[in-house]
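# Analysis of the macromolecular model
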Amino acid sequence: MHQNPDGIPARASDMVRAARQFKAPIKVRGRGKGSMAETQKIIIDTDPGQDDAVAILLALASPELDILGITAVAGNVPLKLTEKNARKICELAGKPETKVYAGAIRPLARTLVTAEEVHGQTGLNGPDLPEPTMKLQEQYAVDFIVETLMREEAHTVTLCPLGPLTNIALALIREPKIAKRIKQIVLMGGGFFEGGNVTPAAEFNIYVDPQAADVVLRSGIPIVMMPLDVTHKALTKASRVEKFRALGTRVGIATAQMLEFFERFDEQKYGSDGGPLHDPCVIAYLLKPELFSGRECNVTVETASELTMGMTVVDWWGVTKRAKNAMVMRDIDHEGFFDLLVERLGRL
Ligand SMILES: [Ca+2]
């Protein structure tokens, strides 16, 4: 195991730091030892996207998570598709009672960039999922986020952004008091050692709305970041896709079809066996943080230079005096990650 400069094995020291950073109480549901189940209240902010879909399925399958709402944002495809795709996934999971809200239609300052070349025209190409019948909530997603955080007990709600950070930034601008009430933000975004996936410097989620990422990174909220450095180690190899298909359920077969569509583009791009399964890393961290390791760093986002727009500059070696603002993950137990995914999706 590689070691940090202080001589503590990386994973152990990370867990100590994580424990120190996130000391908010975990709500315990039920009484008596037999029914003890820790539940974490979460809001998933998402732009589905096949990998978002798998992340949502993982969350819906996990009793440890209490999903207060799913908020859609423009990203992989425009908002009218991302909010619909979120509802399609809830219905696929047999959870039409889940509340889905539509949020920002475009980034704070820049023109929306989408990624149909990766995800297909609908954002969820692969399986033939029916049009959803469950209703979209009428409330604007940003209002829902603010209202929920002001209502729920402080430090009990985790935000899980899986797309551009527009909705989260808008909520922080609209009601700055929420910053001190959020337990933590666990997000998929950025890249450092791996560089970018939409430009040589920038990862898609951050590139689409770098100003929003800047607002979030400067918020003082505890942040756990899953960059490309982690997600590029979570590859959907053919043997793993077959494990989903072998579940034999609607969810298992649809997941296999989504991953097959999604990985086609990435295999060509990276020359790898399988494509990176980015967004489920966020939900997997909530369920099994020990699958991941990284270190606390300062992360700053480039918002001025067109050449490096949206680059996440990670002070991994601590060469600046900038304050540490994020736990940046770098490694994943990818076997454990896929075992968790298959086991959980098998419950739906
Ligand atoms: Ca996403």
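The notes below deal with the structure included here. (Residues numbered from 1 in each chain as written. Predicted model: local features only at pLDDT ≥ 70, side-chain atom pairs only at ≥ 80, totals over all residues. Heavy atoms only, no water.)

Another aspect to go through is the overall build of the protein. Assigned secondary structure in the protein consists of 13 helices and eleven strands. Counting every position in the protein, which comprises 348 residues, the buried fraction comes to 58%. Of the contacts made within the protein by residues no fewer than 6 positions apart, 81% connect residues no fewer than 24 positions apart. Counting every atom, the protein has about 14500 Å² of accessible surface; 53% of that belongs to carbon and sulfur. (Helix = DSSP H or I, 4+ residues; strand = E, 2+ residues; numbered from the N terminus. Buried < 20%, exposed > 50% of the residue type's maximum accessible area, 1.4 Å probe, protein only. Contact = heavy atoms within 4.5 Å. Areas by Shrake-Rupley, 256 points an atom, 1.4 Å probe, with all protein chains shown as cover.)

In this section: the pattern of salt bridges. Summed over the entire model, instances satisfying the criterion amount to 14 salt bridges. Each of Glu64, Glu343, Arg344 and Arg347 takes part in salt bridges that share partners, so that together they form one network. (Salt bridge = Lys/Arg side-chain N within 4 Å of Asp/Glu carboxyl O.)

A word on the coordination of the calcium ion. At 2.2 to 2.5 Å from the calcium ion lie its protein donor atoms, namely Asp47 (OD), Asp52 (OD), Asp52 (OD), Leu162 (O) and Asp279 (OD). For the calcium ion, the donor residues sit on a single chain with the sequence spacing D-x4-D-x109-L-x116-D. With Asp47 in the loop between β2 (37–46) and α2 (50–60) and Leu162 in the loop between β5 (157–161) and α6 (166–174), this pair connects stretches of sequence that are 115 residues apart. Each member of the pair, Asp47 together with Leu162, is buried. (Donors = N, O, S within 2.8 Å, 3.2 Å for Na, K, Ca; no water.)

Moving on, we come to the packing of aromatic side chains. Aromatic ring pairs: the centre-centre distance and the angle between the two ring planes describe each pair. Overall, the coordinates contain five aromatic pairs when judged by the stated rule. Aromatic side chains Phe192 and Phe193 sit 5.2 Å apart centroid to centroid with 80 degrees between the ring planes, which places their arrangement in the edge-to-face category. Classification of Phe192 by relative accessible area gives partly exposed; the value is 28%. Look at Phe193 and you get partly exposed, because its relative accessible area is 36%. Across from the ring centre of Phe193, 3.5 Å away, lies the NZ or CZ of Arg330, which sits over that ring. Above the ring of Trp316, the side-chain terminus of Arg330 is found at 5.3 Å from the ring centroid. (Phe/Tyr/Trp six-rings, centres within 6.5 Å; stacked < 30°, edge-to-face > 60°. Lys NZ or Arg CZ within 6 Å of the ring centre and 35° of its normal.)

With that settled, the discussion passes to the side chain of His119. Relative to the helices and strands, His119 resides in helix α4 (residues 116–119). Look at His119 and you get buried, because its relative accessible area is 5%. Aside from chain neighbours lying at most four places away, what touches His119 is Gly49, Gln50, Asp51, Asn76, Leu124, Asn125, Phe261 and Phe262.

Here we take up unusual backbone geometry. Here the amide bond leading from Pro48 into Gly49 is cis, since omega sits at -10 degrees, within 30 degrees of zero. Take Gly49: it is sitting in the loop between β2 and α2. In the Ramachandran plot, His155 falls in the positive-phi region, its phi being about 65 degrees despite a non-glycine side chain. By secondary structure assignment, the location of His155 is in the loop between α5 (141–151) and β5. His155 gets classed as partly exposed once you look at its relative accessible area, which sits at 36%.

Moving on, we come to the environment of Pro107. If you trace the backbone, Pro107 turns up in the loop between β4 (100–102) and α4. The exposure class of Pro107 is buried, given its relative accessible area of 2%. Here the alpha-carbon distance between Pro107 and Gly75, two residues 32 residues apart in the chain, equals 8.7 Å.

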